[in-house]
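Given next are the chains, with one letter for each unit.
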Amino acid sequence: MVSRPPGIPDWLAKLYPFAPKSFPTPRGAQMSYLDEGPRTDEAVLMLHGNPTWSFYYRDLVRELSPHLRCVVPDHIGMGLSSKPGHYDYRLANRISDIEGLVDSLGLRRVHLVVHDWGGAIGFGFATRQPERVGSLVIMNTAAFPSGRIPKRIALCRLPLLGEFIVRGLNGFAEPATWMAMASRRLSWNERRGYLFPYDSWASRIAVHRFVRDIPLEEDHPSRRELLRIAEALPRLSANRKLVLWGGRDFCFDDTFLSRWREIYPEARIERLDRAGHYVLEDAGPEARARISDFLKTSTR
């Protein structure tokens with residue numbers, strides 16, 4: 001029987017039946033992460049975005065972990081990780097956090113599954129250490145600069161007002177529970193699961209910082225790191241890739257998919273016409289089956 005971490009209620013434990021571990025990042029924050037499956041030096045590393053957490057990957061972990069080791073962190077400030085008020089929540093530091101976690105686990109090889117901000121973070125790691133990276137699963141994300149941003153997200157980036165919307169009104173995480181879906185509605189407990197870590201002004205700090213860290217401006221502090229990542233993407237041209245794309249995403253639309261086609265013309269592209277941004281929720285069993293089949297063949 002899996003031991004339940006303190007503070008996890010019964011209803012959430014039924015959906016998220018794991019015992020997260022904790023890793024102290026190089027900057028002293030505590031990163032919560034799942035480590036499920038065989039004890040090997042090869043793992044599937046799943047990286048979430050904003051405003052999700054490892055909860056997004058819960059069913060994929062259950063699907064894969066009987067066969068493959070699954071490591072799924074909550075970025076600092078997100079999920080069950082600590083939420084420090086004074087922390088440098090920039091892209092480069094998030095990449096360093098993942099490097100530290102991978103090093104601490106002694107992983108020789110990782111297969112990446114990325115979504116939303118997990119794309120920039122995951123490809124940031126992969127382009128720094130391409131020799132450690134195997135196959136790649138790419139879901140509705142970007143790892144290159146873009147000037148496209150929905151007006152509702154741009155509103156959340158405004159000084160003062162944006163912080164009030166995101167942290168005071170929960171006007172980013174809560175609307176995502178329905179805006180990121182296209183073909184079905186989240187159940188009441190699924191919705192509660194996504195919102196569980198973000199129940200106060202203090203606990204929503206990283207949700208807001210992620211929005212602020214979108215490097216739209218030429219002089220944005222994270223722009224240089226994102227440009228480095230984009231320029232280095234060809235280093236991963238030989239890696240096997242599955243691009244699994246929700247065709248009804250309000251944010252990462254087909255313009256981003258077209259860019260991935262240009263960068264990796266050899267990639268296997270599978271567009272799920274009826275799925276929204278939360279691909280693993282909207283296309284559930286179908287999406288998990290495609291990812292599972294792809295990754296299992298990667299480790300034979």
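One can find the structure itself at the top, above this paragraph.
The notes below deal with the structure included here. (Residues numbered from 1 in each chain as written. Predicted model: local features only at pLDDT ≥ 70, side-chain atom pairs only at ≥ 80, totals over all residues. Heavy atoms only, no water.)

Concerning the pattern of salt bridges
Stated precisely, the cut-off is as follows: In the sections that follow, a salt bridge refers to a side-chain nitrogen of Lys or Arg positioned within 4 Å of a carboxyl oxygen of Asp or Glu. By definition, any uninterrupted DSSP run of H or I lasting at least four residues is a helix, any uninterrupted run of E lasting at least two residues is a strand, and each is numbered from the N terminus. We call a residue buried when its accessible area falls under 20% of the maximum for its residue type, exposed when it is over 50%, and partly exposed in between, using a 1.4 Å probe and counting protein chains only.
Going through the model one piece at a time under the given rule, you end up with 27 salt bridges. With a closest N to O distance of 2.7 Å, Arg58 and Glu281 form a salt bridge. Pair noted here: Arg58 is in helix α2 (residues 58–64) and Glu281 is in helix α12 (residues 279–282), with a separation of 223 residues, a long-range link. The burial state of Arg58 is the same as that of Glu281; both residues are buried. Where Asp254 meets Arg271, a salt bridge forms, and the shortest distance between an N and an O atom there is 2.9 Å. One end of the pair, Asp254, is in helix α11 (residues 254–263); the other, Arg271, is in strand β8 (residues 268–272), and 17 residues separate them in sequence.

Brief notes about the packing of aromatic side chains
Here is the rule: To pair, rings of Phe, Tyr and Trp, with the six-membered ring standing in for Trp, must have centres within 6.5 Å; the planes then decide the type, stacked if under 30 degrees apart, edge-to-face if over 60, and tilted in the middle.
Applying the stated rule across the entire model yields 17 aromatic pairs. Taking 5.2 Å as the distance between ring centres and 70° as the angle between the ring planes, the aromatic pair formed by Phe144 and Trp260 counts as edge-to-face. Of this pair, Phe144 sits in the loop between β6 (133–141) and α5 (151–156) while Trp260 sits in helix α11, placing them 116 residues apart in sequence. For the pair shown, Phe144 and Trp260 are each scored as buried.

Section: the sheet that holds β6
Strands pair in a sheet through their backbones, by hydrogen bonds, and they do so in one of two ways: parallel or antiparallel. Applicable threshold: By definition, two strands form a pair when at least two bridges between them are found by DSSP. Axis geometry follows a simple rule: fit a line to the C-alpha atoms, using only the stretch in contact for helices, then measure angles between N-to-C directions, giving values from 0 to 180 degrees. Note on definitions: a residue-residue contact is assigned when non-hydrogen atoms from the two residues lie within 4.5 Å.
Across the sheet, which stays open at both edges, the eight strands sit in the order β1-β2-β4-β3-β5-β6-β7-β8 with mixed pairing between neighbours. Looking at strand neighbours, the two that pair on one side only are β1 (21–24) and β8, the edges of this open sheet. Adjacent strand axes in the sheet meet at a mean angle of 20°, parallel and antiparallel pairs treated alike. One ladder, built from four bridges, connects β1 with strand β2 (residues 30–36); its direction is antiparallel. By the bridge assignment for β2, Lys21 is matched with Tyr33. Contacting β6, β7 (241–246) and β8, α11 crosses the sheet at an angle of about 165° to β7.

A word on the pairing of β6
Our working rule: Whether a crossover is right-handed comes down to one check: with the strands pointing away from the viewer, does the path from the first strand over the helix to the second run clockwise; if it does, it is right-handed.
Of all nine residues that make up β6, nine are buried, and the element is covered over most of its length. The pairing of strand β5 (residues 109–116) with β6 spans six bridges and is classified as parallel. When the bridges of β6 are listed, Asp116 appears paired with Thr141. Between the parallel elements β5 and β6, the chain passes through helix α4 (residues 117–128) in a crossover that is right-handed.

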